[in-house]
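# Examination of the molecular architecture
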Amino acid sequence: MIIPLLKHIRLKKELSSVLRWEGITIDPVGATLAVLIFDVMMAQSNDTVLGQVLLGIGLTLLLGVAFGILGAIILIVIIRRHLVPEYLQEAFTLIIVIGMYGLSDMIQGESGLLVVTIMGIILANQRIVTIKHIITFKEQLTVLLLSSVFVLLAARINISELTVFFNKEMLMFLLVLFFVSRPLTVFVSTLGSSLSIKERLFMSCMAPRGIVAAAVASLFSIKLVESGYEGAEVIQSIVFMVIIVTVTVYGLLGQPLAVFLGLKPAQKGIVIVGAHPWGRNIAKVLVSLNIDILLVDTKKENVIAAKEEQLKVIHGSILSKKVMEEIEFGIYGHLMAISKSDEINLLSNLEYAELFGRSETFRLRPKDRRRDLMIGSSSNFLFGNNATYPFISTRITAGAKVHSTIITKDFSYDFFLSSYPKAIPLFLVNTKNQLKIITKNTKIKTEEGEILVSII
């Protein structure tokens, strides 16, 4: 449940990574502990408890790591050697995942969750094959399956069973969960880390329970009832109540709390398509203003020059799946296509509109407007009506420079225009370090203290 919340809240990279990895690893850990506790309860004598616990932990870890690595290697080899057609790779991946899960689960109950988690970690961090199409398929499948499983599990509970738990005991349990258990867990487990007090406070207020808790509770509730434990049937009702309350509270609290604690990035960075000389000049000025910039270019000379100038750069096509995988969308929220190719600029805007939003993708005006397929649409054309690649390149060749200017009472925007009548305004950075990209439709209004970036 945490990952959809993180996509909505959009925290700073370090804090988001910690919460994301906690969300990924906590499910197999929780399910494994539940299995061990169940085994202890089912033990015939106290003499066998310790042995069963150690055996359960050892088998789960051994099978989880072994089958997880094996499954990941099988998929990487098959995709690398094109043993399965690309249009079948998503379905084949699902088969391998289910197969490894089931095989491990047959040997050691509930160990399959650790297996698929290990597989996911390995595949997500390898750079041997492209898995963007598999990730897209996985996300669509996740929404479908989670929705279905939640409905199926919830169908086993009557609304009257939930209302029974609106009482003083349940309230005390939830208060302990919110204000004692979670904060204590966070502050103890982050001792010695680089996380600030504000970040730890936010983590203390961000622990929604999800489908794994519901599934495990339902499974063991049934098994405990079958084994003769009275009252075990209420476990799933209590867990569903916890899920409902935690998701509601943390979901409503997350966004305003992140703003209050100052944990949201002040400005989302920009992916710039085109690491040519004046593209690098723009990047250097923005980096000097503390704006995260990532350059993407297919020309090796431009990439080498960008690295020599200490700029972040990716060598490859902005349209390739490999480049898409390398872009950290938690950091970057805008795309500017300023390459020499009008076709690449257009296609990159179309491709990334779904990822960044149509209002956050920009491109230069095409050289030949009559041949542009989207000229009549709401494309965000950069830097004014005449800002084509040849136009700006000609200006730069003639001696123009990318320059930042602080707007003051004595040096207003109007005074700037009168001083530099041929200037091309590019960006405005306000006093809160928030950047505004200037387009052909932008009505420029400046205030004292703002920084104007332009070509003069």
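See the structure above.
Because the structure is predicted, anything quoted here is derived from the model rather than measured. (Residues numbered from 1 in each chain as written. Predicted model: local features only at pLDDT ≥ 70, side-chain atom pairs only at ≥ 80, totals over all residues. Heavy atoms only, no water.)

## Observations concerning the sheet that holds strand β3 (residues 313-315)
- A sheet is described by the order of its strands in space; here six strands give the open sequence β3-β2-β1-β4-β5-β6, paired in parallel fashion. The outermost strands of the open sheet, each flanked by one partner alone, are β3 and β6 (380-381).
- Bridge count between strand β1 (residues 269-273) and strand β2 (residues 293-297): four bridges; the pairing is parallel. Looking at β2, one finds that isoleucine 272 is bridged to leucine 295.
- Running over the sheet, helix α12 (residues 277-288) touches β1 and β2 and is turned about 165° from β2. (Pairing = 2+ DSSP bridges. Helix = DSSP H or I, 4+ residues; strand = E, 2+ residues; numbered from the N terminus. Contact = heavy atoms within 4.5 Å. Axes fitted to C-alpha atoms, helices over the stretch in contact; angles between N-to-C directions.)

## Quick word on the side chain of threonine 405
- Tracing the sequence through the fold places threonine 405 in strand β7 (residues 402-406).
- Here histidine 403 takes part through its side chain, which lies 3.4 Å from a polar atom of the side chain of threonine 405.
- Beyond its immediate chain neighbours, meaning those up to four positions away, threonine 405 contacts Phe411, Phe416, Glu450, Ile451 and Leu452. (Polar contact = N/O pair within 3.5 Å; in protein donor to acceptor, adjacent residues only side chain to side chain.)

## Let's talk about the sheet that holds strand β10 (residues 451-455)
- The sheet built from four strands is open, its strands ordered β7-β10-β8-β9 with antiparallel pairing. Here the strands that pair on one side only, and so sit at the sheet edges, are β7 and β9 (435-437). On average, each strand axis in the sheet is tilted by 25° relative to the strand beside it, whichever way the strands run.
- Examined bridge by bridge, β7 and β10 share five bridges and lie antiparallel to one another. Pairing of serine 404 across the sheet is with valine 453, part of β10.
- Strands β7, β8 (424-429), β9 and β10 of the sheet are contacted by α12, whose axis makes an angle of about 25° with β7.

## Re the nonpolar core
- Among the nonpolar cores identified, the biggest contains 36 residues, and Ile272, Met336, Phe383, Leu426 and Phe427 are the most heavily contacted of them.
- Take this core: its biggest share by element is five residues, from α12.
- With sequence-adjacent residues up to four places away left out, isoleucine 272 is seen in contact with Ile282, Ala283, Ile293, Leu294, Leu295, Val296, Met336 and Ile338.
- Judged by nonpolar contacts, the second largest core, of 25 residues, contains Ile2, Leu5, Met241 and Leu263. (Core = buried A, V, L, I, M, F, W, Y, C linked by side-chain atoms within 4.5 Å. Buried < 20%, exposed > 50% of the residue type's maximum accessible area, 1.4 Å probe, protein only.)

## Describing the layout of surface pockets
- For the second largest pocket, the calculated volume is near 290 Å³.
- Around the second largest pocket, the lining comprises 17 residues; the ones closest to its centre are Asp297, Thr298, Lys299, Ser339 and Lys340. (1 Å grid on protein atoms, 1.4 Å probe; cavity = no way out; pocket = protein on both sides within 12 Å on 5 of 7 lines; lining within 4 Å. Points joined across faces, edges and corners; volume = space filled by probe spheres on them.)

## Digging into the packing of aromatic side chains
- Taken as a whole, this structure holds seven aromatic pairs when the rule is applied.
- Three or more aromatic residues link up through ring pairs in this structure, and these residues are Phe411, Phe415, Phe416 and Tyr420.
- In this arrangement the basic side chain of arginine 365 is found over the ring face of phenylalanine 381, its NZ or CZ atom lying 4.5 Å from the centre. (Phe/Tyr/Trp six-rings, centres within 6.5 Å; stacked < 30°, edge-to-face > 60°. Lys NZ or Arg CZ within 6 Å of the ring centre and 35° of its normal.)

## Observations regarding the pairing of β8
- Of all six residues making up β8, six are buried, and the element is well covered by its neighbours.
- As paired elements, β8 and β10 share five bridges and run antiparallel to each other. Note that in β10 the partner of phenylalanine 427 across the bridge is valine 453.
- Bridge analysis of β8 against β9 gives three bridges, and the strand direction is antiparallel. In the strand pairing of β9, leucine 428 is matched with lysine 436.
- The hairpin turn running from β8 into β9, its antiparallel successor, is five residues long, and asparagine 433 in that turn takes a positive phi close to 65°.

## Let's talk about helix α16 (residues 389-397)
- Every buried residue of α16 is listed here: Tyr389, Ile392 and Ser393. Buried positions in α16, seen along its axis, are confined to an arc of 100° and lie on one side of it.
- The inward-facing, buried residues of α16 abut α12, β8 and β10.
- The positive-phi residue at the C-terminal boundary of α16 is glycine 399, with phi of around 115°. (Arc of directions from axis to C-beta.)

## Focus: the side chain of asparagine 345
- By the element assignment, asparagine 345 lies in helix α15 (residues 342-356).
- Its relative accessible area of 1% is what places asparagine 345 among the buried residues.
- Engagement of the side chain of asparagine 345 in a polar contact is seen with the side chain of serine 339, the distance being 2.7 Å.
- Residues within four places of asparagine 345 in sequence aside, it is in contact with Ala337, Ile338, Ser339, Arg363 and Leu364.

## Here we look at the pattern of salt bridges
- Across all of its chains, the model carries four salt bridges by this definition.
- Arginine 182 serves as the salt-bridge partner of glutamate 22, at 2.6 Å between the closest nitrogen and oxygen. Here the residue glutamate 22 occupies a position in helix α2 (residues 13-42), and arginine 182 occupies one in helix α8 (residues 168-189), the gap between them amounting to 160 residues. (Salt bridge = Lys/Arg side-chain N within 4 Å of Asp/Glu carboxyl O.)

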